[in-house]
Amino acid sequence: FWSRPMLNEEDRLDSHEEPPPPHHAEPAQGTLGLEAERGAAALQVHDHGDSDTQPSKPDLLPVSIGNSYTWLLVPRYPCIRTKHRQSPFITPEVQSSIPRAAVLGLQHALVAFATILIVPTRLSAVGRFEARAAQAIRSYAIIVSALASLLQCCRLSLSGLLPEVPFNVHLSFHRLLSWQMGTGMISLLGAPLLLLPVVERAMIDGMMQDSSVKCISDSECPSSWADSNGVSMPGVTNSGQCSLATGLCKYSGEEAYMQIVGTGMVANVVPLLLGLLPCVVLRAVLSPRVLGNLIVLLSASMLGVSFQLWAGGIFCDPSGRGRGSLLNFAATATTPAHDAECSGNGDAQWVQLPFAAPQYVGLGFLAFITLVAVQIVSCPLFRDTAILCAFFVSWIVAFLSPHWKGTGEDSSVAKGSFYPGAYQVLAPAAVEATKWGDFLFLDSRLAPQQISFKASLLPPLMIVAAVNSLRTIGDVAATIESSRAPMSHGTISNGISSNRKFFVTLKGGLFAMGVGSIMSGICGYLPLATLSQTSCTVALTRTSCPRAGYMACFWLLLLGVVPKIGAAVAAIPTCIFGGVVAVLFAGQMVSGIRMMMLACMVSHRSRTVLAIGLASGLGLAMVPSWATAQLGRGLALYKVSPVMIEALIQLISTPYCIGTIMAMIAQTLLPLEDDDETPLLADEDKVGDEEEVLSLNNDHTAQVERVEKGMGG
């Protein structure tokens, strides 16, 4: 039900398993039986490195139907060195049971759901969308992310699309390109936060430009701006939309948004082209040291975002840490530099507190410490569902906590008083305001026929697409490492750079990202990129099979199609989400550090490449104003468009972008040295012994091969 992996027919034939005996038959004499062999193979293949035990007695195997499952509910105690049994790790090659995939997929969906909603919620507020359009764009974001993530979790071979050529040229051409769409692992997509500064600036500029609709007064503009509550009344809520100088109506927020959607579809040919590059090209620039540098810097950038969420929200941070890191919200007449108080932590009418208020920090810390405590003392079943436990405990505490009246006014109660009923997590007003069903193409303002193209937005969006492609490479590489797939274990002398399957998977992730972004544009939403918290979620849940990813897509689709359920889940306070994802982003950094270890860091060249990349990336993460303080002013002197200025700022000030570019340049220019191929963990007298290096550093791959050959282990 929970711990037994499901082997497919090919795996059963490769491991020389006998057909399963009838239910009433006894196992053959001298054998363990099918279920025992299956459990032994699962424990030997998937419990590697941090596994607690590998039981040797057949009657202790957790997968036999006749054996007890009580070990799944047995807790462990801190500060005791006794080893405890752990659930088997389900790799992408082995399917997990449906109940386990459903529960673990729900964890992936909940973590991704809060991230996916950040972008559409902000854009609907900046663009002054009508309430129906604001609800539609949120539903579109969730549904599109679910459908595109389904492509990313699959592994579809595109070799049949290659043209027919004579002789054996076709085979060489196919091996050179290795077309594939999807990764075959858990990998979810959503609109990245990096898009927000560029899209927000483009929307503001678009709303200041004249359309072709003639007017005399604001009441004659059919697509009028809405107020902060989403109410659109021409002549009342759209003051200044009719330009008296030209006699034309200015674009509404929805019209400016659809211009970005159409241009973004064209701009996302960038990941498609990168996904078509030969493996030899990617192998030349993406060595283990460069990939490790990319993952570490990416997780460092996202850690800053998680702590902003932990303190109450991204848009209410008064320090301006968003500029140069991931977000850059410049102060304008319509959008201030930051909100005075943080919303998104319950009912906005009651919960309005400053950034880093003790209530926010304490609630986020409760989610953080719950996740840690479950990993320390709980049973294997709860450890696999630690994220759900953290959300549930914090949600209950938030619901039972008292309200804190912030700056809002109330005639009957003095400001600063407590109220029973707390953060109003379920937010009945927000849930009742949404409808029961929604789907794509139902809102006329965001329909496909409203999609348009704006040439001036193409270069900035192509720059953003290139940066998002770099992010996707890092996220997919971290997920491969967390999934314990055989492709992530090469010889220590050349690491993963010699493994062709690794780069085919990277290309498949890029190709699926490009196709998903184009599909997203057709559905009326922005381009997509991978979500960084997936890799550590895979490590915590000990499952990386595609079935759990499919179930995560199902849960996301359900939350998007039934907005009332989605609104109830979206009412989880932002600070709780920040406390949980802080652990997940830090876990991704662990994957980057481990990938660095695959590079021979004892060599002077490797140390130099890593030092150059980390110096430029981490320095920008700590002091983002180093690259952004005067850049915008300097570019404005040369009459560069504001949207292009925002795109260039994101390119230069994003830590994982500039750090990875510097590492690539250093790796290309630095000449090879004598100690570049020295293994990290081998002794001096065993440097040339490849088998000894493999036994020291690649035990897991050797075990996989032995089980596949029927050697048992």
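Residues numbered from 1 in each chain as written. Predicted model: local features only at pLDDT ≥ 70, side-chain atom pairs only at ≥ 80, totals over all residues. Heavy atoms only, no water.

A word on the overall build of the protein. A count of helices and strands for the protein gives 27 helices and 9 strands. Out of the 713 residues belonging to the protein, those deemed buried represent 55%. Considering only intrachain contacts with a sequence separation of at least 6, the fraction spanning at least 24 residues in the protein is 81%. (Helix = DSSP H or I, 4+ residues; strand = E, 2+ residues; numbered from the N terminus. Buried < 20%, exposed > 50% of the residue type's maximum accessible area, 1.4 Å probe, protein only. Contact = heavy atoms within 4.5 Å.)

Between helix α10 (residues 288–310) and helix α25 (residues 655–669), the shortest axis-to-axis distance is 8 Å and the interhelical angle comes to 165 degrees. As the angle between them shows, α10 and α25 are arranged roughly antiparallel. The hand of the α10/α25 crossing is right-handed. Where α10 approaches α25, its residues R289, V290, N293, L294, L297, L298 and S301 are matched on the opposing element by P655, Y656, G659, T660, A663, M664 and Q667. For the contact of α10 with α25, the class distribution of residues is 8 nonpolar, 5 polar and 1 charged. (Axes fitted to C-alpha atoms, helices over the stretch in contact; angles between N-to-C directions. Parallel < 35°, antiparallel > 145°, perpendicular 65-115°, else oblique. Left-handed = near helix turned anticlockwise from the far one by under 90°. Nonpolar A, V, L, I, M, F, W, Y, C, P; charged D, E, K, R; others polar.)

The next thing to look at is the state of the cysteines. A full pass over the atoms with the stated rule returns 2 disulfides. Disulfide pairing is shown between C221 and C249; the S-S distance is 2.2 Å. Across the S-S bond linking C221 and C249, the dihedral sits near -95 degrees, which makes this disulfide left-handed. Taken as a pair, C221 in the loop between β4 (210–214) and β5 (242–243) and C249 in strand β6 (residues 248–250) lie far apart in primary sequence, 28 residues in all. Comparing C221 with C249, the two get one shared label, buried. (Disulfide = S-S within 2.5 Å.)

Glancing now at the sheet that holds β5. With antiparallel pairing, the 3 strands of this open sheet are ordered in space as β4-β6-β5. Whereas interior strands pair on both sides, the edge strands pair on one side only; in this sheet they are β4 and β5. In this sheet, β6 lies alongside β5 in antiparallel orientation, the contact comprising 2 bridges. Of the residues in β6, the one forming a bridge with S243 is L248. (Pairing = 2+ DSSP bridges.)

All right, on to the side chain of K250 then. Inspection of the secondary structure assignment puts K250 in strand β6. Buried charge without a salt bridge: K250, with D210 as the nearest opposite-charge side chain at an N-O distance of 5.7 Å. (Lys, Arg positive; Asp, Glu negative; His and termini not counted. Salt bridge = Lys/Arg side-chain N within 4 Å of Asp/Glu carboxyl O.)

Let us now look at the packing of aromatic side chains. Tallied over the entire structure, the rule returns 6 aromatic pairs. Ring geometry for F502 versus F503: centroids 5.3 Å apart, planes at 85 degrees, classification edge-to-face. Judged by relative accessible area, F502 falls into the buried class, the value being 0%. Among the aromatic residues, those joined into a cluster by ring pairs are F307, W310, F365 and F368. One cation-aromatic arrangement involves R122 over F315; the distance from NZ or CZ to the ring centre is 4.4 Å. (Phe/Tyr/Trp six-rings, centres within 6.5 Å; stacked < 30°, edge-to-face > 60°. Lys NZ or Arg CZ within 6 Å of the ring centre and 35° of its normal.)

With that settled, consider helix α17 (residues 534–541). Most of α17 is tucked away: 6 of the 8 residues are buried. Listed in full, the buried residues belonging to α17 are T534, S535, C536, T537, V538 and T541. The inward-facing, buried residues of α17 abut α3 (98–126), α12 (380–384), α13 (386–400), α15 (458–482) and α20 (574–598).

Assignment of secondary structure puts L614 in helix α21 (residues 604–622). Apart from the residues within four sequence positions on either side, L614 is in contact with N293, V296, L297, M596 and G619.

Moving on to the confidence of the model for the protein. Residues of the protein with pLDDT of at least 70 account for 71%, and the chain-wide mean is 76. In this model residues 6–67 is a low-confidence stretch, pLDDT under 50, and it forms 104 contacts with partners more than four residues away in sequence or in other chains. For residues 322–337, every residue scores under 50 in pLDDT, and the model assigns this stretch 52 contacts once sequence neighbours within four places are set aside. (pLDDT = per-residue confidence, 0-100.)

Looking now at the pattern of salt bridges. Taken as a whole and assessed by the stated rule, the structure comprises 7 salt bridges. Between D384 and R100 there is a salt bridge; the shortest N-O distance is 4.0 Å. Of this pair, D384 sits in helix α12 while R100 sits in helix α3, and the two are 284 residues apart along the sequence. A relative accessible area of 1% places D384 in the buried class. With a relative accessible area of 0%, R100 lands in the buried category. Ionic pairing is found between R445 and E254, a salt bridge with its closest N-O pair at 3.0 Å. Of this pair, R445 sits in the loop between α14 (428–433) and α15 while E254 sits in helix α7 (residues 253–267), and the two are 191 residues apart along the sequence. Through salt bridges that share partners, E130, R132, E254 and R445 make up one connected network.

A word on the nonpolar core. In this structure, Y257, F391, Y525 and L526 are the most contacted members of the largest nonpolar core, which totals 116 residues. Looking at this core element by element, the count peaks at 12 residues for helix α4 (residues 131–153). Core analysis: the second largest hydrophobic core is formed by 8 residues, I90, A101, C545 and A548 among them. (Core = buried A, V, L, I, M, F, W, Y, C linked by side-chain atoms within 4.5 Å.)

The next subject is the side chain of Q180. Mapping Q180 onto the fold places it in strand β2 (residues 180–181). What makes Q180 buried here is its relative accessible area of 11%. Among the polar contacts made by the side chain of Q180, one reaches the main-chain carbonyl oxygen of G182 at a distance of 2.8 Å. (Polar contact = N/O pair within 3.5 Å; in protein donor to acceptor, adjacent residues only side chain to side chain.)

As a further point, take helix α6 (residues 195–207). With 13 residues, α6 should reach 18 Å at 1.5 Å per residue; the first-to-last C-alpha distance of 18 Å fits that figure. The buried count for α6 comes to 12 of 13 residues, which makes it a mostly enclosed element. By the burial criterion, the buried members of α6 are L195, L196, P197, V198, V199, E200, R201, A202, M203, I204, G206 and M207. The elements touched by buried residues of α6 are α3, β6, α7, α15 and α24 (642–653). (Expected span 1.5 Å × (residues − 1).)

Time to look at a nonpolar patch on the surface. A cluster of nonpolar side chains, namely F392, V393, I396, V397, F399 and L400, defines an oily patch on the protein surface of about 550 Å² accessible area. Inspection of the secondary structure assignment puts V393 in helix α13. (Patch = residues over 30% accessible without salt bridge, like charges linked within 9 Å, V, L, I, M, F, W, Y side chains within 5 Å. Areas by Shrake-Rupley, 256 points an atom, 1.4 Å probe, with all protein chains shown as cover.)

On the secondary structure map, T608 appears in helix α21. For T608, the side chain forms a polar contact with the main-chain oxygen of H604, separated by 2.8 Å.

Here we come to unusual backbone geometry. In this structure, R542 is a non-glycine residue whose phi angle is positive, near 60 degrees. Structurally, R542 is set in the loop between α17 and α18 (546–561). You can call R542 buried: its relative accessible area is 4%. Even without being a glycine, K639 presents a positive backbone phi close to 60 degrees.

The next thing to look at is the packing of helix α11 (residues 358–377) against α20. Helix-helix packing is described using two parameters, namely the angle between the two axes and the distance between the axes. Relative orientation of the contacting elements α11 and α20 amounts to 40 degrees, with a least axis distance of 7 Å. Classified by the interaxial angle, the pair formed by α11 and α20 is oblique. Judged by the twist between their axes, the crossing of α11 over α20 is right-handed. On the side of α11, the interface is formed by Y360, L363, G364, A367, F368 and L371, while α20 contributes C575, I576, G579, V580 and V583. A class-by-class count of the residues in the contact of α11 with α20 yields 9 nonpolar, 2 polar and no charged.

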